[in-house]
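Understanding the architecture of this molecule
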Amino acid sequence: MVSCNPDDDDNNNNGGNIGNGIGDGQTTHEYVDLSLPSGLKWATCNVGAEKPEDYGDYFAWGETITKTEYTSSNSVTCELSISQLQSQGYVDGGGNLTSSHDAATANWGGTWRLPTKEECRELVDNCTWEWARVNGVGGAKVIGPNGNCIFLPAAGCRYGIMLCDAGIYGRFWSSTPDEYIYDYLTYFLYFYDGGESESRYERYYGMPVRPVSE
């Protein structure tokens, strides 16, 4: 785990902020309590990663396995409207991914899941964000109100067979599709050296997943 000391970017000291593992009874994954208003816990690593700075796996939205190529033609949700996503069981009545189509739940089990759009916004609004490097990997050090932190690597995204913008932009899927402007877009957590927010992207792009749990 990355140190929360701003002068200690390449230090793996966890500062005592790592919580007990959450998992499916066989495999557990560690989390950090950032003291967010919701009480939500954020995992220390991406799905498919062994360390906080590892990029891990990339998933098209609504899919639970990785691919060698990420295109609109091989996406299972790219062309689906909100009503179709609901009728086919991709999203629930609250407008978020169901567990069977959630890459965090499918790969980690237990209570792990993708964060919603609102939970991504909570992370942006309630934490201090600093651009940092951990073991040479650029990304965001996200420091909670209690001083605990997580590191989100700027893992970019996958388009076709290419890895794009790695080391420059961080993009992490949320579980919430955009139902107000464009049916084919989904919200994601977005950051770079100089800013952070949530934005919208087409669902066929491959993005990393950082799980959360209550």
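For the structure, check the block above.
The following refers to the structure shown.

The rules behind these values
Residues numbered from 1 in each chain as written. Predicted model: local features only at pLDDT ≥ 70, side-chain atom pairs only at ≥ 80, totals over all residues. Heavy atoms only, no water. Helix = DSSP H or I, 4+ residues; strand = E, 2+ residues; numbered from the N terminus. Buried < 20%, exposed > 50% of the residue type's maximum accessible area, 1.4 Å probe, protein only. Areas by Shrake-Rupley, 256 points an atom, 1.4 Å probe, with all protein chains shown as cover. Core = buried A, V, L, I, M, F, W, Y, C linked by side-chain atoms within 4.5 Å. Contact = heavy atoms within 4.5 Å. Pairing = 2+ DSSP bridges. Axes fitted to C-alpha atoms, helices over the stretch in contact; angles between N-to-C directions. Patch = residues over 30% accessible without salt bridge, like charges linked within 9 Å, V, L, I, M, F, W, Y side chains within 5 Å. Salt bridge = Lys/Arg side-chain N within 4 Å of Asp/Glu carboxyl O.

1. Looking at the overall build of the protein chain
Secondary structure assignment for the protein chain yields 3 helices and 13 strands. Per-residue burial over the protein chain gives 52% buried out of 214 residues. Carbon and sulfur atoms provide 42% of the accessible area of the protein chain, an area that totals close to 9,100 Å².

2. Observations concerning the nonpolar core
Grouped burial of nonpolar side chains is what soluble globular proteins tend to show. In this structure, W61, L85, W173 and V209 are the most contacted members of the largest nonpolar core, which totals 25 residues. Of the residues forming this core, the biggest block, 3 residues, is contributed by helix α2 (residues 103-108). In this structure V209 touches N46, V47, D57, F59, A103, A104, L114 and F172, once residues within four positions along its chain are discounted. Judged by nonpolar contacts, the second largest core, of 19 residues, contains L123, I150, L152 and F172.

3. Some words on the sheet that holds strand β7 (residues 149-153)
Two modes of strand pairing occur in sheets, parallel and antiparallel, and in both the strands are linked by backbone hydrogen bonds. With antiparallel pairing, 3 strands are arranged side by side in an open sheet as β5-β6-β7. In this open sheet, the two edge strands, each paired with only one partner strand, are β5 (128-134) and β7. Neighbour to neighbour, the strand axes of the sheet diverge by 30 degrees on average, direction disregarded.

4. Thoughts on unusual backbone geometry
Excluding glycine, residues mostly have negative phi values, and the peptide bonds linking residues are mostly trans. One non-glycine residue, S35, adopts positive backbone phi at about 65 degrees. Take S35: it is sitting in the loop between β3 (31-33) and β4 (41-43). Of note in this structure, D165 is not a glycine but carries a positive phi near 65 degrees. Within the secondary structure, D165 is located in the loop between β9 (162-164) and β10 (169-177).

5. Details of a nonpolar patch on the surface
Taken together, Y159, I161 and M162 make up a surface patch of nonpolar side chains, about 320 Å² in accessible area. Note that M162 resides in strand β9. You can call M162 partly exposed: its relative accessible area is 46%.

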